[in-house]
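Reading the structure
Chain by chain, the residues run as shown.
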Amino acid sequence: MYMASVALAASGEAQHRELDPNLVVDLLWALAEPGLGIEHMRVTTGPGHIEVVFFSAAPDAQSVAVTGIHLCETATSSAPQLRGWYVVRSSGE
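Residues numbered from 1 in each chain as written. Predicted model: local features only at pLDDT ≥ 70, side-chain atom pairs only at ≥ 80, totals over all residues. Heavy atoms only, no water.

Okay, the overall build of the chain next. On a plain count of helices and strands, the chain comes out with 2 helices and 4 strands. When its helices and strands are written in sequence order, the chain yields β-α-β-β-α-β. A globule of 93 residues ought to have a C-alpha radius of gyration of about 12 Å, and the chain, at 12 Å, matches this closely. With the principal axes as the frame, the chain shows a C-alpha extent of 40 × 30 × 20 Å. Summarising the internal contacts of the chain: among those between residues at least 6 apart in sequence, 68% fall at separations of at least 24. Taking the 4 positively charged and 10 negatively charged side chains of the chain as two groups, their mean positions are separated by 7 Å. (Helix = DSSP H or I, 4+ residues; strand = E, 2+ residues; numbered from the N terminus. Rg over C-alpha atoms; globule rule 2.2 N^0.38 Å. Contact = heavy atoms within 4.5 Å. Lys, Arg positive; Asp, Glu negative; His and termini not counted. Charge placed at Lys NZ, Arg CZ, Asp CG, Glu CD.)

Another point: the nonpolar core. Of all hydrophobic cores here, the largest spans 28 residues; its most connected members are L28, I50 and F54. Among the elements of the structure, strand 1 (2-10), helix 1 (21-31), strand 2 (38-46), strand 3 (49-56), helix 2 (61-78) and strand 4 (85-88) are those that each provide at least two residues to this core. Apart from residues lying up to four places away in sequence, I50 is in contact with V6, A7, L8, L19, V24, V43, T44, T45, L82 and W85. (Core = buried A, V, L, I, M, F, W, Y, C linked by side-chain atoms within 4.5 Å. Buried < 20%, exposed > 50% of the residue type's maximum accessible area, 1.4 Å probe, protein only.)

This part covers the side chain of S56. Here S56 shows up in strand 3. Take S56: its relative accessible area is 2%, and that puts it in the buried class. Polar side-chain contacts of S56 include one of 3.0 Å to the backbone oxygen of G37. A polar contact of 3.0 Å, which involves the side chain of S56, links it to the backbone nitrogen of A58. The residues contacting S56, other than those within four sequence positions of it, are M1, Y2, L36, G37, I38, E39 and V64. (Polar contact = N/O pair within 3.5 Å; in protein donor to acceptor, adjacent residues only side chain to side chain.)

If you want it as structure tokens, here you go:
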């Protein structure tokens, strides 16, 4: 099993909102297709910050990272609750 962490940050009015971690998990699971191999997610939130840790049976850590980023980008572009949030890219991506 591999894991990858994806950070999200807020802009504008969203910077002052702290989302319920369970809501974020529910939004991500609603978008996750069974073939992605995600087995578990852990979400922590704070004002203007969300961290999602994905655990997966993917063949390598890079695959988990790519899947996690894609899932978070899809969520931020489609879920009204995540309006104003974006994926924070690290220098290695």
